[in-house]
Amino acid sequence: MADPTPEPQSASAIRLYTPRAPVYDSSHHPSFTARFISHISPHLSPGLKILDLACGTGLLTYQLAAAVGPSGRVVGVDVTPGMLAVAREKLAADKEKYPQVELFEHDVLDLDGIKELAGMKGGFDGITGASMFVLFQDPVAALGHWVRYLKPGGFVALDVTHPQNLAYSGTVEKTARRLGAFTLYHRMWVKGPKSLEEVMRKCGVEVQEMVVVENQCGQGDKKYKVEEADKLFEEGIDKEICKGFRESEEVRAEAKRVFKEEWEKQAVDGWVEEVDTVFLGIGKKVEETKPDSKALLTHSEIAFSGGCRCGSITYTSTTAPTAACCCYCAACRQLSGSGFIPWAQIPTSALIITTHPPESSSSQVPITLQTLNLHKAAERRFCNACGTPLFMVYKADPEETSVSMGSIDEASLRCKLPEIGSHIFLKEKANWVVLPNDWALHCEEFTGRSAEEVLGKSD
Ligand SMILES: [Zn+2]
Ligand SMILES: [Zn+2]
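Numbering of residues begins from 1 in every chain and follows the order in which that chain's sequence is written. Numbering of ligands from 1 and lettering of chains from A proceed in the order in which they are written. Only residues with pLDDT of 70 or above have their local features reported here, since the model is predicted, and side-chain atom pairs are shown and tallied only from 80 upward, although totals for entire chains, interfaces and linings are computed over all residues. With hydrogens and water stripped out, all remaining heavy atoms of the structure feed into the side-chain values.

J.: How would you explain the overall build of the protein if you had to name every residue and give the values?
T.: Looking only at helices and strands, one finds twelve helices and 19 strands in the protein. For the radius of gyration, the atoms used are the C-alpha atoms, and the globule rule reads 2.2 Å times the number of residues raised to 0.38. At 25 Å, the protein has a C-alpha radius of gyration in line with the 23 Å of a compact globule built from 459 residues. In terms of overall dimensions, the protein has C-alpha extents of about 80 × 55 × 40 Å along its principal axes. Relative accessibility under 20% of the residue-type maximum defines a buried residue, over 50% an exposed one, and the middle range a partly exposed one, all with a 1.4 Å probe and only protein chains included. For the protein, buried positions account for 50% of its 459 residues. Strands here are runs of E lasting at least two residues and helices are runs of H or I lasting at least four, both read from the DSSP assignment and numbered beginning at the N terminus.

J.: Explain the coordination of the zinc ion (ligand 2) to me, using residue names and the numbers behind them.
T.: Metal-coordinating donors are taken as N, O and S atoms lying within 2.8 Å of the metal, or within 3.2 Å when the metal is Na, K or Ca; because water is left out, some sites can appear incomplete. Of the protein atoms, only Cys327 (SG), Cys329 (SG) and Cys332 (SG) coordinate the zinc ion (ligand 2), at distances of 2.1 to 2.3 Å. Each donor residue of the zinc ion (ligand 2) lies on one chain, and together they are spaced C-x1-C-x2-C. By the burial criterion, Cys327 is buried, and Cys332 matches it.

J.: Talk me through the pairing of strand E3 (residues 101-105); I want residue IDs and the actual numbers.
T.: Note: strand E2 (residues 73-78) against E3, five bridges, orientation parallel. Counterpart to Gly76 in the pairing with E3 is Leu103. Where the polypeptide runs from E2 across helix H4 (residues 81-93) and back to E3, its parallel neighbour, the crossover connection is right-handed. Paired strands, in this sense, are two strands between which DSSP finds at least two bridges. A crossover gets the label right-handed when its path from the first strand over the helix to the second runs clockwise, viewed with the strands pointing away from the viewer.

J.: Describe the pattern of salt bridges, listing the residues and the values that go with them.
T.: The term salt bridge refers to a side-chain nitrogen of Lys or Arg lying within 4 Å of a carboxyl oxygen of Asp or Glu. A full pass over the atoms with the stated rule returns 21 salt bridges. A salt bridge links Lys256 to Glu234, with the nearest nitrogen and oxygen atoms 2.8 Å apart. Of this pair, Lys256 sits in helix H9 (residues 249-265) while Glu234 sits in helix H8 (residues 229-236); the two residues are 22 residues apart in sequence, bridging distant segments of the chain. The class for Lys256 is partly exposed, based on a relative accessible area of 25%. Residue Lys427 is joined to Glu453 by a salt bridge in which the shortest nitrogen-to-oxygen separation is 3.7 Å. In this pair, Lys427 sits in the loop between strand E19 (422-424) and helix H12 (451-455) while Glu453 sits in helix H12, placing the two residues 26 residues apart along the sequence. Connected through shared salt-bridge partners, Arg178, Glu254, Arg257, Glu261, Glu262 and Lys265 make up one network.

J.: Kindly report on the coordination of the zinc ion (ligand 1), identifying the contributing residues and their values.
T.: The zinc ion (ligand 1) binds to the protein through Cys308 (SG), Cys310 (SG), Cys383 (SG) and Cys386 (SG), with metal-donor distances spanning 2.3 Å. Think of it this way: with four donors and all angles in the 85 to 135 degree range, the site is tetrahedral; with four or six donors, opposite ones beyond 155 degrees and the rest between 65 and 115, it is square planar or octahedral; otherwise it is irregular. Viewed at the metal, the four donor atoms of the zinc ion (ligand 1) are separated by angles of 107 to 112°, and the geometry they form is tetrahedral. Donor residues binding the zinc ion (ligand 1) come from one chain and are separated in sequence as C-x1-C-x72-C-x2-C. Residue Cys383 is classed as buried on the basis of its relative accessible area of 0%.

J.: Explain the sheet that holds strand E13 (residues 341-347) residue by residue, including any values.
T.: Judged by pairing direction, the sheet is mixed, and its seven strands sit side by side in the order E15-E16-E17-E18-E13-E12-E19 without closing on themselves. A single partner strand is all that each edge strand has here, and the edge strands are strand E15 (369-375) and E19. If you compare each strand with its neighbour and ignore which way they point, the axes differ by 30° on average. For every element, the axis is a line fit to its C-alpha atoms; helices are fit only across the contacting stretch, and the angle between N-to-C directions ranges from 0 to 180 degrees.

J.: Give me the packing of aromatic side chains: which residues, what numbers.
T.: Aromatic rings from Phe, Tyr and Trp, with only the six-membered ring used for Trp, were paired whenever their centres fell within 6.5 Å, and each pair was classed as stacked if the ring planes differed by under 30 degrees, edge-to-face if by over 60, and tilted otherwise. One pass over the full model with this rule turns up 14 aromatic pairs. Summarising the aromatic geometry, the rings of Phe32 and Phe36 are spaced 6.0 Å apart at their centres and angled 80° between planes, so their arrangement reads as edge-to-face. One end of the pair is Phe32 and the other is Phe36, both in helix H2 (residues 29-40) and four residues apart, which spans about a single turn. Phe32 sits in the buried class, given a relative accessible area of 1%. For Phe36, a relative accessible area of 1% gives the class buried. Look at Phe304 and Tyr315: their rings are 6.4 Å apart centre to centre, the planes differ by 85°, and that puts the pair in the edge-to-face class. Taken together, the residues Phe304 in strand E10 (residues 304-307) and Tyr315 in strand E11 (residues 313-317) connect sequence positions eleven residues apart. The exposure class assigned to Phe304 is buried, which follows from its relative accessible area of 0%. By the ring-pair criterion, three or more aromatic residues cluster together here, those being Tyr168, Tyr224, Phe233, Phe245, Phe259 and Trp263.

J.: Residues and numbers for the packing of H8 against H9, please.
T.: Running from N to C, H8 and H9 point in directions that differ by 135°, and their axes come no closer than 9 Å. Classified by the angle their axes make, H8 and H9 are oblique. Crossing of H8 over H9 shows right-handed handedness. Between H8, through Ala229, Asp230, Leu232, Phe233 and Glu234, and H9, the contact on the second element is made entirely by Arg252, Ala255, Lys256, Phe259, Lys260 and Trp263. In the contact of H8 with H9, the residues fall into six nonpolar, no polar and five charged. Roughly parallel means an angle under 35 degrees; roughly antiparallel, over 145; roughly perpendicular, 65 to 115; everything else is oblique. Crossing chirality is assigned from the near helix's rotation relative to the far helix, an anticlockwise turn below a right angle marking it left-handed and a clockwise turn marking it right-handed. Contacts are assigned to residue pairs with any non-hydrogen atoms lying within 4.5 Å of each other. Under the scheme applied here, ten amino acids are nonpolar (Ala, Val, Leu, Ile, Met, Phe, Trp, Tyr, Cys and Pro), four are charged (Asp, Glu, Lys and Arg), and all others, including Gly, are polar.

J.: Run through the nonpolar core, naming residues and quoting values.
T.: We call a set of buried residues a nonpolar core when its members are Ala, Val, Leu, Ile, Met, Phe, Trp, Tyr or Cys and they connect through side-chain atoms within 4.5 Å of each other. By size, the foremost hydrophobic cluster in this structure holds 66 residues, and its most contacted members are Leu51, Leu53, Phe133, Leu143, Trp146, Phe245 and Trp263. Setting aside chain neighbours within four positions, we find Phe133 in contact with Pro139, Ala142, Leu143, Trp146, Leu158, Asp159, Val160, Trp189, Leu196 and Val199. Counting 28 residues, the second-largest nonpolar core is a separate cluster that includes Leu64, Leu91, Ala157 and Val213.

J.: Could you give an account of the pairing of strand E8 (residues 271-274), with specific residues and numbers?
T.: Side chains of E8 alternate between two faces, with Val272 and Glu274 buried and Trp271 and Glu273 left unburied. Inspection of the sheet shows strand E7 (residues 222-225) paired to E8 by four bridges, in the antiparallel sense. Bridge assignment links Lys225 to a residue of E8, and that residue is Trp271.

J.: Go over the packing of helix H5 (residues 139-147) against helix H7 (residues 193-202) with me, naming the residues and quoting the values.
T.: Running from N to C, H5 and H7 cross one another at 50°; their axes reach a closest spacing of 9 Å. Taken as axis vectors, H5 and H7 run oblique relative to one another. At the point where H5 passes H7, the crossing takes the right-handed sense. Of the residues in H7, those touching H5 at Pro139, Val140 and Leu143 are Val199, Met200 and Lys202. For the contact of H5 with H7, the class distribution of residues is five nonpolar, no polar and one charged.

What follows is the structure in structure tokens.
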């Protein structure tokens with residue numbers, strides 16, 4: 001039943017939005033975009049360069065254009081030809097008014113593929129996306145990609161749905177996830193405004209304002225009877241979002257059963273409540289990340305690369321490690337399930353980390369580098385999907401990152417890895433790890449002291 005070749009997001013978007021294109025501007029979307037723009041207006045001024053992602057029929061694009069004026073630049077990107085055709089009609093009708101607007105038919109997850117944007121990494125003052133962020137399987141990977149095109153200090157504005165928004169399609173998504181079937185929406189990671197804040201933070205965007213937009217569709221909150229499950233399932237089975245349930249009679253029957261179960265789970269006193277609310281997050285790209293310069297790396301500038309076991313997190317380094325050590329502290333021992341972790345030290349500025357979308361669409365949490373503080377003075381980072389320990393940074397020296405040497409891809413090496421120069425925290429070494437005598441000579445720094453004594457106990 002699992003979807004063996006998940007459809008790319010862009011293909012799903014085209015299927016979903018092509019029939020909607022002619023009627024999109026007659027829906028609730030114009031009124032929502034008007035509210036969207038009013039919330040971001042403090043960030044808009046003449047001359048700014050704005051990237052409007054999944055711009056669709058240009059509802060937001062032209063309002064942005066009016067705000068930045070003819071000296072600004074507004075780039076709209078959308079993958080659905082039908083939607084963009086409507087946007088282009090508006091442009092053709094008012095060409096003189098909008099010299100600052102450019103429209104590209106392209107996958108928003110592949111901005112690098114738009115040659116007109118080649119010089120724009122780190123170049124936009126703002127990135128907007130209205131009613132689109134719940135279409136991406138991996139929100140962190142998507143936003144992480146977009147943020148590369150943003151100036152430090154530039155703003156991002158994106159909205160996501162309330163967990164109880166669109167009760168029917170939310171139940172369809174839950175059902176699809178349980179069956180391992182196709183799902184068009186990826187809304188389940190949103191548990192509340194904090195979820196969006198977290199995703200933005202992980203992408204180097206500090207949230208400045210989280211607007212709760214009520215009555216988004218104009219229908220207000222609604223209630224459905226819990227007994228309506230079968231009726232709703234049958235009424236909706238031909239919809240695009242239910243594509244995965246039509247595979248066979250068995251799949252359909254199983255989907256109906258699971259749908260009903262998920263529907264009933266949400267019921268309170270016999271009613272399923274639908275909340276017509278979205279959360280609009282507005283944030284600023286933090287200054288210290290400099291993905292613009294790093295993102296333009298050519299292959300020959302990469303000294304080595306590596307990643308976690310599941311492939312969700314990969315990294316490259318532009319320089320060879322300056323040193324390497326083996327750490328025998330209890331934390332390294334337990335995290336690795338081994339005797340020690342060998343660490344290679346590189347300048348933090350040389351490290352580029354990439355988060356990839358998960359292989360399976362069943363992942364309900366964004367794949368990320370999770371941070372772990374086991375000692376006061378050190379921060380560890382690992383893949384939250386497979387648990388591979390990847391990096392460690394001493395808080396007193398954030399300029400240097402230790403990379404777990406086991407995660408380095410030997411085949412990628414364009415440099416020589418240094419020999420292990422020291423063995424640290426031998427006081428905590430497991431007895432079954434037997435070191436040659438001369439190794440102990442390298443450990444004078446922490447002789448006799450535990451990691452906790454040196455690095456402090458975590459809270
Ligand atoms: Zn992993
Ligand atoms: Zn250690």
